[in-house]
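# Tertiary structure, described
This is what each chain is made of:
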Amino acid sequence: MSEQTIPSLSGYEEPTLEAAFITLSEEVRTTAAETAADPEAFRLHWLGRKQGRLKLISEAWLKSAPPEAKKALGIRFNELKALVEYQLSPERLVKVPVSEPGLVSEYATQGGTIAASLQNKKHPHPLDITLPGTLRAPGIPHPLLKTMHEIVSVFHHLGYSTNLGPQVESDFYNFEALNFPENHPARDTQDTLVIANQQSRPSRDRLLMRTHTSPVQIRTMIAQAPPIRIVIPGKVHRNDAADATHSPIFHQIEGLCVDTNITFSDLKGTLDHAMKALFGSDVKTRFFPSFFPFTEPSADVQISCIFCGGKGCRKCKHSGWIELLGCGMVDPAVFAAVIAERRKINPADNTYNPEKITGFAFGMGVERIAMMLHGVSDIGHFYSGDMRFLEQFA
Ligand code: DAH
């Protein structure tokens, strides 16, 4: 090992320090290789109390450094010292056992960085290039999100855009403006989860977890004049016990189309197209009279059973039809509530005049559609996080 003089440091800027310490760490590695048979010589050379290189470097560089450069210099100096100490550590000095031929603890001396050396210090044999790599499967969209996306994109192709609304909603948007009067029995069908301590508020402002995505119809119409064509995907909450087909949290997709001359046949044509796009062109639809407070007339849409083609099977309870969503023409009472809100901002507002403007709306459950599309018999699978289930959708 040749005696080396202390190199001079030409400045304290980062690049200069970097270069100086890279040279020194190279020197540590070279001398470590040269003294492999005599660790004590290596130790004295670098760590000797009086003439050790670290001591000399510290005296030459650190002591005379301006105060603002001391920190950066100190950090690098400590790294260098750790590298020297690592060369003397038992794991570094012990030869690689023959039973572990793939281990390359030589890595540090063969050009690994100081950081890698420090890491090696904690883990004696960190890098075994003979081990198989860790395989990380690429992520996939959750089957519910995927279904939601498929449904939404059918409507995007028809020129609809997407709107979102809050999950914590007020009584006004979730019920009142949708023509559910206070104390009306129709509210009971919604099994509402209410937010605590709302009694002191006026009833229209009381907060609850939205029970459907329909309140976003109201939010959209208050904010926006016709024509409107939107779909609203989102999470909804109901006080339902969980079983194979129910979950207190589930997802819906709402649709709203408002314009001049929108008729029930537009509604039928739109939903018939959407069902064919989702379930296949053989699928038939039929519209069954129903009731929703915010649509008049209202209908339940049924599709011909996708399992038996309409012949009748257990899945469709031998009827040949499966009920899938609710829909109807927007009730004039809903337009009236929207106009009242809009007139608070502009008293002359008449954009939703039911004499001129009509619309249709529809709402469907995402879980139910995903279960049908993929033959899932228990809604709980969607929320279980069980990879054996989720991987099937990759
Ligand atoms: N909001 C209804 C529900 O959750 C579903 C629905 C029915 C939405 C008819 C609509 C509609 O927009 O027109 O039960």
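Read on for a plain summary of the structure. Keep in mind that this is a model prediction, so the values were computed, not measured.

## Brief notes about the pattern of salt bridges
All told, the structure shown has 16 salt bridges when counted by the stated rule. Here Glu59 and Lys63 are joined by a salt bridge, their closest N and O atoms 3.8 Å apart. With relative accessibility at 34%, the residue Glu59 sits in the partly exposed group. For Lys344, the salt bridge is made with Glu341, and the minimal N-O distance between the two is 2.9 Å. Here Lys344 pairs with Glu341, and both are found in helix 11 (residues 332-345), just three residues apart, close to one helical turn. The exposed category is assigned to Lys344, whose relative accessible area is 59%. One network of salt bridges, in which partners are shared, links Arg204, Asp205, Glu341 and Lys344.

## Overview of the nonpolar core
Core analysis: the biggest nonpolar cluster contains 45 residues, and Phe155, Leu271, Met275, Phe279, Leu324 and Phe362 have the highest contact counts within it. Those elements that provide at least two residues to this core are helix 7 (143-156), strand 5 (249-260), helix 10 (264-279), strand 7 (295-304), strand 8 (321-330), strand 9 (357-365), helix 12 (366-374) and helix 14 (387-390). With residues near it in sequence (within four places) discarded, Met275 still touches Gly280, Val283, Thr285, Ile303, Leu324 and Leu325. The next biggest cluster of nonpolar side chains, apart from the first, holds 27 residues, and it includes Tyr173, Phe180, Ile230 and Val338.

## Notes on the site of the ligand
Around the ligand, a shell composed of 15 residues is seen, among which His212, Ser214, Arg238, Gln252 and Glu254 lie nearest. Residue Ser214 places a side-chain N or O atom 2.9 Å away from a nitrogen atom belonging to the ligand. For the ligand, an oxygen atom lies 2.6 Å from a polar atom in the side chain of Glu254. Burial of the ligand by the protein chains amounts to 92% of its free accessible area of 350 Å². When contributions to the shell around the ligand are tallied by element, the ones reaching two or more residues are strand 5, strand 8 and strand 9. Of the residues that constitute the shell around the ligand, the class distribution is five nonpolar, eight polar and two charged.

## A closer look at unusual backbone geometry
Cis peptide bonds are those with omega within 30 degrees of zero, and the linkage from Pro226 to Pro227 qualifies with 5 degrees. Following Glu296, the chain continues into Pro297 via a peptide bond in cis, with omega recorded as -5 degrees. Structurally, the position occupied by Pro297 is in strand 7. We note that Asn179 has phi near 70 degrees; this positive angle belongs to a residue other than glycine. In this structure, Asn183 takes a positive phi of about 65 degrees despite not being glycine.

Calculation rules
Residues numbered from 1 in each chain as written. Predicted model: local features only at pLDDT ≥ 70, side-chain atom pairs only at ≥ 80, totals over all residues. Heavy atoms only, no water. Salt bridge = Lys/Arg side-chain N within 4 Å of Asp/Glu carboxyl O. Buried < 20%, exposed > 50% of the residue type's maximum accessible area, 1.4 Å probe, protein only. Helix = DSSP H or I, 4+ residues; strand = E, 2+ residues; numbered from the N terminus. Core = buried A, V, L, I, M, F, W, Y, C linked by side-chain atoms within 4.5 Å. Contact = heavy atoms within 4.5 Å. Near = heavy atom within 4 Å. Polar contact = N/O pair within 3.5 Å; in protein donor to acceptor, adjacent residues only side chain to side chain. Areas by Shrake-Rupley, 256 points an atom, 1.4 Å probe, with all protein chains shown as cover. Nonpolar A, V, L, I, M, F, W, Y, C, P; charged D, E, K, R; others polar.

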